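Take a look at the letters that make up each chain.
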Amino acid sequence: MSGLNSLNEWMITAAMSTVITLITGCSGASIDTQSNPPAVTAPSTSVPAAGTGGSAGSTTSQPKQGSQQQAGAVNTAIPYTQEVVASKLNVPWDMDIAPDGRIFFTERGGVIRVIDKGKLVEQPVYRFEKPFLQEGESGLLGLVLDKDFATNHAMYVYHTYEEGGETRNQVLRMVEGSNQLQLDKVIIDKLPGARTHDGGRVKIGPDGMLYITSGDAGQSSIAQDLSQLGGKILRIGPDGTIPRDNPFPDSPVYSLGHRNPQGLAWHAVTGKLFSTEHGQSAHDEFNLIEPGANYGWPLIEGDESEIAAKDKSKLGPGTLKSPLVHSGNETWAPSGITFVTKGPWKGNLLAANLRGTQLLRVVLGNDQQSIQQLEPLLKNVLGRIRNVMEGPDGSIYIMTNNRDGRGTPGAEDDQIIRLKPNFQ
């Protein structure tokens, strides 16, 4: 097929700072403190990952040239061996692994590619054409394979397009055969889009529903407007229908008050949904997502818990929630996240950091939802990190984004890196 033209007529986006601020349930009548975990104290020191030289540095620093570790190098600070899966990529954004081991991934410029039997296939699985649009942070973003991919070969992708001079985002269902894709159905359409704040993550939850992060597209007020789909986490069925048990009747909105959420992951035991979100100026967040809850943007952020009197009329529905943790005056620019289910880090959450040029290892408390410790890994080693996910065998896959216009790319960028388990 020739791209979205065939779909048009529209039937068919080390160390970290010593002191961080942990937020867990502030006082105030508008905050639900019952479900927020008790306050904890951030660790005063963290162990830097091997390869960083142990040097302290702000999470806003850029990668050091020539500091990349060689494939097959053993990082003594982490229980994995690092190897390169694919290199010289063009801003890879998201990936998923098929039951037969193939790795499908997106490149922001509009190409879906596949790694088959350990080798990157030269020809794309699919190439998007106009009205597809890639400007700034927008373009081809999230991808997830259907739970029944082995039999139906369906996948879901999130991308930006232009229509009538307006920038929009949509999620498509596509069907694969012999490493080629065909468009099947528009699952959700006309999400607000812009050069920045496009959200873009698509995941399938334990309940089989599609969860989608939608940014505020630079229009902060829409995050509090239930009639607008920007600044939200959305929940829909794989066929595009709205589940009857969604928190707002006849609405795909699952939670609101978000600026630019880009990470989604469910705890393997509790089933709780965690998300990461970009703050306006620092104050990047980890949130525990509850159905129907309001995460405050743009009326409050960070430690703020009270809505200014002049802004109360702008507040949307839902109980206000504070972040589990935020970055204070530092900038992480967190993106993809994954829970580790195997090995010494079982139960930990890993978060890719773009501006922070690191992975954050998040250790939860005994309640499995409060944050006990944050440890920076691979600080300034790989540069800007867009995504991280755990594979079926316990390998950790990392996507770099040094060619996204904000990094300093090396000759081999961008890359997909595998951290192969050193444990059984």
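Preceding this section is the structure that the text describes.
This one's a predicted model, so the numbers in the text were calculated from it and none came from an experiment.

Cut-offs applied
Residues numbered from 1 in each chain as written. Predicted model: local features only at pLDDT ≥ 70, side-chain atom pairs only at ≥ 80, totals over all residues. Heavy atoms only, no water. Phe/Tyr/Trp six-rings, centres within 6.5 Å; stacked < 30°, edge-to-face > 60°. Helix = DSSP H or I, 4+ residues; strand = E, 2+ residues; numbered from the N terminus. Buried < 20%, exposed > 50% of the residue type's maximum accessible area, 1.4 Å probe, protein only. Salt bridge = Lys/Arg side-chain N within 4 Å of Asp/Glu carboxyl O. Pairing = 2+ DSSP bridges. Axes fitted to C-alpha atoms, helices over the stretch in contact; angles between N-to-C directions. Polar contact = N/O pair within 3.5 Å; in protein donor to acceptor, adjacent residues only side chain to side chain. Contact = heavy atoms within 4.5 Å.

Visitor: Describe in detail the packing of aromatic side chains, supporting the description with residues and values.
Guide: A full pass over the atoms with the stated rule returns 9 aromatic pairs. Here tyrosine 80 and phenylalanine 423 contribute two aromatic rings whose centre-to-centre distance is 5.6 Å and whose plane-to-plane angle is 80°, an arrangement assigned as edge-to-face. Taken together, the residues tyrosine 80 in strand β2 (residues 80–86) and phenylalanine 423 in the segment after β26 (416–421) connect sequence positions 343 residues apart. One exposure class covers both tyrosine 80 and phenylalanine 423, and it is buried.

Visitor: Kindly report on the pattern of salt bridges, identifying the contributing residues and their values.
Guide: Using the criterion set out here, one finds 17 salt bridges in the structure. Measuring nitrogen to oxygen at the nearest pair gives 3.0 Å for the salt bridge that ties glutamate 83 to arginine 418. Of this pair, glutamate 83 sits in strand β2 while arginine 418 sits in strand β26, and the two are 335 residues apart along the sequence. Note that aspartate 100 is salt-bridged to arginine 102, the shortest N-O span being 2.9 Å.

Visitor: Any chance you could break down the sheet that holds strand β20 (residues 334–339) for me, citing the residues and the numbers?
Guide: Taken together, the 4 strands give an open sheet; going across it, the order is β20-β21-β22-β23, and neighbouring strands pair in antiparallel fashion. Each end of this open sheet is capped by a strand with a single partner; those strands are β20 and β23 (371–377). Shown here is a sheet whose adjacent strand axes are inclined to one another by a mean of 25°, direction ignored. Of the pairings in the sheet, the one linking strand β22 (residues 358–364) to β23 comprises 6 bridges and is antiparallel in character. Of the residues in β23, the one forming a bridge with leucine 360 is proline 376.

Visitor: Just give me the short version of the pairing of β22, but keep the residues and values in it.
Guide: Here β22 lies mainly inside the structure; 7 of its 7 residues are buried. Of the two faces of β22, the one holding Gln358, Leu360, Val362 and Leu364 and the one holding Leu359, Arg361 and Val363 are both buried throughout. By the bridge criterion, 5 bridges tie strand β21 (residues 349–353) to β22 in an arrangement that is antiparallel. In the strand pairing of β22, asparagine 353 is matched with glutamine 358. Hairpin connection from β21 to β22: 4 residues lie between these consecutive antiparallel strands, with threonine 357 at a positive phi of about 45°.

Visitor: Residue-level account of the side chain of aspartate 404, with values.
Guide: Tracing the backbone shows aspartate 404 in the loop between β25 (396–400) and β26. Of the polar contacts made by the side chain of aspartate 404, one reaches the backbone nitrogen of arginine 406; its length is 2.9 Å. In contact with aspartate 404, other than residues within four places in its own chain, are Val91, Arg108, Leu354, Arg384 and Arg386.

Visitor: Can you lay out the side chain of histidine 197 for me, pointing to particular residues and giving the numbers?
Guide: Summarising the element assignment, histidine 197 is placed in the loop between β11 (180–192) and β12 (202–204). For histidine 197, the side chain forms a polar contact with the side chain of arginine 259, separated by 3.2 Å.

Visitor: A description of the environment of glycine 230 should follow, citing residues and the corresponding values.
Guide: Position of glycine 230 relative to the elements: it lies in the loop between β13 (210–214) and β14 (232–236). Classification of glycine 230 as buried rests on a relative accessible area of 0%. Along the sequence, glycine 230 and leucine 191 sit 39 residues apart, while their C-alpha atoms lie 6.4 Å from each other. With near-sequence residues (within four places) excluded, glycine 230 lies in contact with Pro192, Ser214, Gly215, Asp216, Ile222 and Ala223.

Visitor: Please give an account of the environment of leucine 234 that cites residues and values.
Guide: Relative to the elements of secondary structure, leucine 234 occurs in strand β14. For leucine 234, a relative accessible area of 0% translates into the label buried. Taking the C-alpha atoms as reference points, leucine 234 and proline 252, 18 residues apart in sequence, are found 5.2 Å from one another. When residues no more than four places from it in sequence are discounted, the contact partners of leucine 234 are Ile188, Leu191, Leu210, Tyr211, Ile212, Ser214, Leu229, Pro252, Val253 and Tyr254.

Visitor: Let's hear about the sheet that holds strand β8 (residues 140–145): which residues, and what values?
Guide: Strand order in the open sheet formed by 4 strands is β8-β9-β10-β11, and the pairing between neighbours is antiparallel. Taken across any chain shown, the strands that pair with only one partner, and hence form the sheet edges, are β8 and β11. The mean inter-strand angle of the sheet, taken between neighbouring strand axes irrespective of direction, is 25°. Pairing analysis gives 10 bridges linking strand β9 (residues 154–163) to strand β10 (residues 166–177), with the strands arranged antiparallel. Residue pairing for β10: glutamate 163 is matched across the bridge by glutamate 166.

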